[in-house]
4 protein chains.
Amino acid sequence: MKPEKRRQQILDCAKKLFSTNGYYSTQISDIIREADIARGTVYQYFSNKDDIFITLLEDYYQKWQAMMTDWAEKVPLATISPREYLRERIFINLQFFAQDADLCNILLRMGLGLPGHLDSVSRRFEERILAVTVNDLKLGLHNGHISPKLDLNLAAHLFTGALLQAAYAYFGRNADIQEPVDMERAADQIAGIFAGGIFV
Amino acid sequence: MKPEKRRQQILDCAKKLFSTNGYYSTQISDIIREADIARGTVYQYFSNKDDIFITLLEDYYQKWQAMMTDWAEKVPLATISPREYLRERIFINLQFFAQDADLCNILLRMGLGLPGHLDSVSRRFEERILAVTVNDLKLGLHNGHISPKLDLNLAAHLFTGALLQAAYAYFGRNADIQEPVDMERAADQIAGIFAGGIFV
Amino acid sequence: MKPEKRRQQILDCAKKLFSTNGYYSTQISDIIREADIARGTVYQYFSNKDDIFITLLEDYYQKWQAMMTDWAEKVPLATISPREYLRERIFINLQFFAQDADLCNILLRMGLGLPGHLDSVSRRFEERILAVTVNDLKLGLHNGHISPKLDLNLAAHLFTGALLQAAYAYFGRNADIQEPVDMERAADQIAGIFAGGIFV
Amino acid sequence: MKPEKRRQQILDCAKKLFSTNGYYSTQISDIIREADIARGTVYQYFSNKDDIFITLLEDYYQKWQAMMTDWAEKVPLATISPREYLRERIFINLQFFAQDADLCNILLRMGLGLPGHLDSVSRRFEERILAVTVNDLKLGLHNGHISPKLDLNLAAHLFTGALLQAAYAYFGRNADIQEPVDMERAADQIAGIFAGGIFV
DNA sequence: TATGAATGAGTATTCATTCAT
DNA sequence: GATGAATGAATACTCATTCAT
């Protein structure tokens, strides 16, 4: 089998198991059973268990960043209203998290509370999402769409917390909201709730 | 030493360590060193490590519930406006989480992603907060303060996610927002952001 | 059982096994089987396998040093002839190594050729024996008992190599010389061989 | 590449690595990296890791034996004095060990203390050197050059131990004696030290 | 012959829990 | 109640060796 394929196979199995059972309750034994490979094979592709976990999160982070960059280039900033911009931003993020329930799960629940070096990887993701949001709010303030009285940092936390919670509720394993998601409508709703409180 | 005091001492030390290092990176050895007691003593008061963790979260949950019940009895529902009600609700919750950075940390970060029986304890807390919020929203809908078009469940998730994220950012260990918190102002801001999008 | 006794018990079993099978072929499993204790017990007294090995060698080294210091204080330097001094020195060393075949074995054979941090421990022992010998020779040169033409460093290596080889041949496991050793006679012989070549 | 050359290449790399890091700390991975060949290729030429190690020592032993036989044929036993004979014997051995620091190292340090089947290979070498020496001494005794009071076996051990220690000190890796070796002078010194004690 | 991905038996180490004192 | 020495199941990781290509 091609190395790259084998590597991906391990990542896929690990992803599923980490998402279902958490980091510590997922044993290397579980991964090799799931992937139907030998013990040593895992260590041909990853230096240790941490490495698998970190790789999963890093890859997911890269994808998210690529998605955001891509969107930022396409969005017609000149013609779009702040409210439409907000709505689009919510939408693409929901869309992104909807793609992979397991990674959504790992990122939004699992990563947090892990010891040091693992925790920091998922924390970085969260920090980045926050930073992007703060940036957007600053731009809105500069353009006069946002009241100077708004605490931008707090608002970013609220928005991020709300968005990730929604993503997890919709798309995570054991999702709280089980009905098939109408993401267009969800984005409308979320934008509707925040627009009134954020824009002048 | 009085039994009850010894028990509390163990809980206090465990709380600090769980909050700092997470569940798996906190060993019984760490707890007994911190509490300066013998290994076996822990098992006089708790049946196992899980029991300590669960006790911490359950106690915290009980306190939160008591606080909420207490407040519900005192709040002058007849005279208060929906917006003021929202603002007060935010305020008392911020106040609650502000009391204990360690438990705030454990609840909002650590508990999530732990295997089965531990995860479910912190999940229950979260679910309860959600349920209370959904209830309030239903009441608001019934009283005509909220548009029938609002997705109550989604709104509750957004609100809860935002509130907990803010609580963690303000009060958790390694809090993102370091300045001394003016909770009155924070409650105003949060209420301000959500009021516009939620109330008709 | 008293901790110190248990610790010694582990050292004794490990000594025997290391001496018989070498460092790498001695498993922790072998040690606990031999000592009839549980797996974890080893790690209550030693941080790892290396630690046991190093402790054995360090203790042996300490004993040797104490023996040498002790002897140096007692030997009547003023009245003894160089040749008698040499003979005594050989004798006490033979006597020392005769006490413990296993440690003799570990030091003189096993330690050599182990990776880095383990090797250095036994190397230190060897270096010390050499240094003591060089010192003695220098003293002899200063007092006019030794020809200035003698290469002191080389002579020390020859003497040390010969002495340790003899010790190992007499006392090591699988000793080459099996008859019960008459150490007095052996010391006479060794002194006899070296005296002629070393003293003027 | 010619098969024989490939085989030699593996032996050369293994020799260097064994000498530097010891038997257990030298991995097959290290050897193939050093030799820049594929994993499986090693097993085309050697049946396993032991085989490489044993081959190195056996080859070295063969060379030594050839050298000794060669010398025995050339040495003018009829005209040479016992002391000159001793001196020559020391010289050719020093010369032999000087040729290859790595093999000198492996033989004199590494081999010892390895488990069973590996240990015995290097032990055989040592035993052979001893046997040759005992033989020589017996001949000397028979010819009246050596006192009947000398313990031949012990003397052989002393001489061999001294000689090998000197060889290692001069030629082994991390040699204790760093100056460029004047082997003629060294042989004179060693012969000088032993002659007085051995010959009548 | 040469390759290198795959193998899996082997091993040190951890750590929650027990129980005799 | 309190102690802490002893326990042993559990687990990550290693590395010589194989074999299909």
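Model, not experiment: these values are computed from the prediction.

Trainee: Looking at this structure, how should I read the protein's contact with DNA strand F?
Mentor: In the vicinity of DNA strand F there are 30 residues, among which R39 of chain A, Y45 of chain B, G40 and Y45 of chain C together with R39 of chain D approach most closely. Close to the protein, within 4 Å, the atoms of DNA strand F belong to sugar or phosphate groups at a rate of 61%. T41 of chain C places a side-chain nitrogen or oxygen 2.9 Å from a phosphate oxygen of DNA strand F. Within the residue set of the surface near DNA strand F, elements represented by two or more residues are α3 (39-45) of chain A, α1 (3-21) and α3 (39-45) of chain B, α3 (39-45) of chain C together with α3 (39-45) of chain D. Counted by class, the surface near DNA strand F contains 11 nonpolar, 11 polar and 8 charged residues.

Trainee: Any chance you could explain the domain arrangement of chain A here in plain terms?
Mentor: Residue and element names in this part refer to chain A. Split into domains, chain A comes out as domain 1 (1-46) and domain 2 (49-198). Put simply, the middle of domain 1 and the middle of domain 2, counted by C-alpha atoms, are 28 Å apart. Between domain 1 and domain 2, the contact holds 17 residues from the first and 18 residues from the second. When domain 1 packs against domain 2, close to 1,600 Å² is buried across both sides, 70% of that on carbon and sulfur atoms. For domain 1, the biggest contributors to the area lost against domain 2 are K15, S19 and Y23; these three give 42% of the whole. As a salt-bridge pair, K15 and D100 come within 2.7 Å of each other at their nearest N and O atoms. Listed by contribution, the elements that provide at least two residues to the side of domain 1 that touches domain 2 are α1 (3-21) and α2 (28-35). Here the side of domain 1 that touches domain 2 gets 9 residues from one element, more than from any other, and that element is α1. When its residues are assigned to classes, the side of domain 1 that touches domain 2 shows 10 nonpolar, 4 polar and 3 charged.

Trainee: When you look at the arrangement of the chains in this model, what are you seeing that I'm missing?
Mentor: No interface is formed between chain A and chain C, the nearest pair of C-alpha atoms being 21 Å apart. Separated in space, chain B and chain C share no contact, their closest pair of C-alpha atoms being 13 Å apart.

Trainee: Explain the relation of the copies chain B and chain A to me, please; I cannot follow it from the model alone.
Mentor: Two copies of the chain are present, and they differ by a rotation about an axis and a shift along that axis. With an axial shift of 0.0 Å and an RMSD of 0.1 Å, the rotation relating chain B to chain A amounts to 180°. Taken together, the turn and the small shift mark the pair as related by a two-fold rotation axis. When the interface residues of chain B are mapped onto chain A, 100% of them are again interface residues, pointing to one common binding face.

Trainee: Looking at this model, I keep getting lost on the protein's contact with DNA strand E. Mind explaining?
Mentor: Contacts to DNA strand E come from 31 residues, most closely from G40 and Y45 of chain A, R39 of chain B, R39 of chain C together with T41 of chain D. Sugar plus phosphate, as a fraction of atoms of DNA strand E within 4 Å of the protein: 60%. Within the side chain of T41 of chain A, a nitrogen or oxygen atom sits 2.9 Å from a phosphate oxygen of DNA strand E. Mapped by element, the contributors of at least two residues to the surface near DNA strand E are α3 of chain A, α3 of chain B, α3 of chain C together with α1 (3-21) and α3 of chain D.

Trainee: Help me out: how do you make sense of the interface of chain B and chain A in this one?
Mentor: As a measure of interface size, the accessible area lost when the parts come together is often cited. At the interface, 38 residues of chain B touch 38 residues of chain A. Here chain B and chain A share an interface that buries about 3,400 Å² over both sides, 59% of which is from carbon and sulfur atoms. In this structure, the connection of chain B to chain A is made through 6 residue pairs in polar contact (both at pLDDT 80 or more). Contributions of two or more residues to the side of chain B that touches chain A are made by α6 (101-110), α7 (116-142), α8 (152-171) and α9 (183-198) of chain B. Looking at which element gives the most residues to the side of chain B that touches chain A, the answer is α8 of chain B, with 13 residues.

Trainee: Can you help me understand the interface of chain C and chain D in this one?
Mentor: With 38 residues of chain C at the contact, the number on the chain D side is 38 residues. For the pair chain C and chain D, the summed buried surface comes to about 3,400 Å²; carbon and sulfur atoms form 58% of the total. Considering only the side of chain C, the residues that lose the most area to chain D are H157, L158 and I193 of chain C, jointly responsible for 19% of the buried surface there. Run the count over chain C and chain D and you get 2 salt bridges. Residue R185 of chain C pairs with D151 of chain D through a salt bridge whose shortest N-O separation is 3.6 Å. Put simply, the parts of the chain that give the side of chain C that touches chain D at least two residues each are α6 (101-110), α7 (116-142), α8 (152-171) and α9 (183-198) of chain C. Among the elements that line the side of chain C that touches chain D, the one with the most residues is α8 of chain C, at 13 residues.

Trainee: Is there a simple way to think about the pattern of salt bridges in this case?
Mentor: Pairing is possible between side chains that carry opposite charge, provided their charged atoms lie close to one another. Going through the model one piece at a time under the given rule, you end up with 47 salt bridges over all chains. Between R87 of chain A and D188 of chain A there is a salt bridge, with the nearest N and O atoms lying 2.7 Å from each other. Here R87 of chain A, found in helix α5 (residues 82-98), pairs with D188 of chain A, found in helix α9 (residues 183-198); they are 101 residues apart in sequence, far enough to count as distant. Note on R87 of chain A: relative accessible area 15%, which makes it buried. Across the pair R89 of chain D and D136 of chain D runs a salt bridge whose closest N-O atoms are separated by 2.5 Å. Here R89 of chain D is found in helix α5 (residues 82-98), whereas its partner D136 of chain D is found in helix α7 (residues 116-142), with 47 residues between them in sequence. When salt bridges with common partners are traced through the structure, they connect R87, E88, E184 and D188 of chain A into a single cluster.

Trainee: Hey, could you run me through the relation of the copies chain C and chain D in this one?
Mentor: When chain C is brought onto chain D, the operation consists of a screw motion whose angular component is 180° and whose axial shift is 0.0 Å, with 0.1 Å RMSD remaining. Mapped onto chain D, 100% of the interface residues of chain C again fall at the interface, so both copies present the same surface.

About the criteria used
Residues numbered from 1 in each chain as written. Chains lettered and ligands numbered in written order. Predicted model: local features only at pLDDT ≥ 70, side-chain atom pairs only at ≥ 80, totals over all residues. Heavy atoms only, no water. Near = heavy atom within 4 Å. Polar contact = N/O pair within 3.5 Å; in protein donor to acceptor, adjacent residues only side chain to side chain. Helix = DSSP H or I, 4+ residues; strand = E, 2+ residues; numbered from the N terminus. Nonpolar A, V, L, I, M, F, W, Y, C, P; charged D, E, K, R; others polar. Domains from an automatic or database assignment. Contact = heavy atoms within 4.5 Å. Buried area = accessible area lost by both parts, 1.4 Å probe. Salt bridge = Lys/Arg side-chain N within 4 Å of Asp/Glu carboxyl O. Least-squares fit on C-alpha atoms with pLDDT ≥ 70 in both. Buried < 20%, exposed > 50% of the residue type's maximum accessible area, 1.4 Å probe, protein only.

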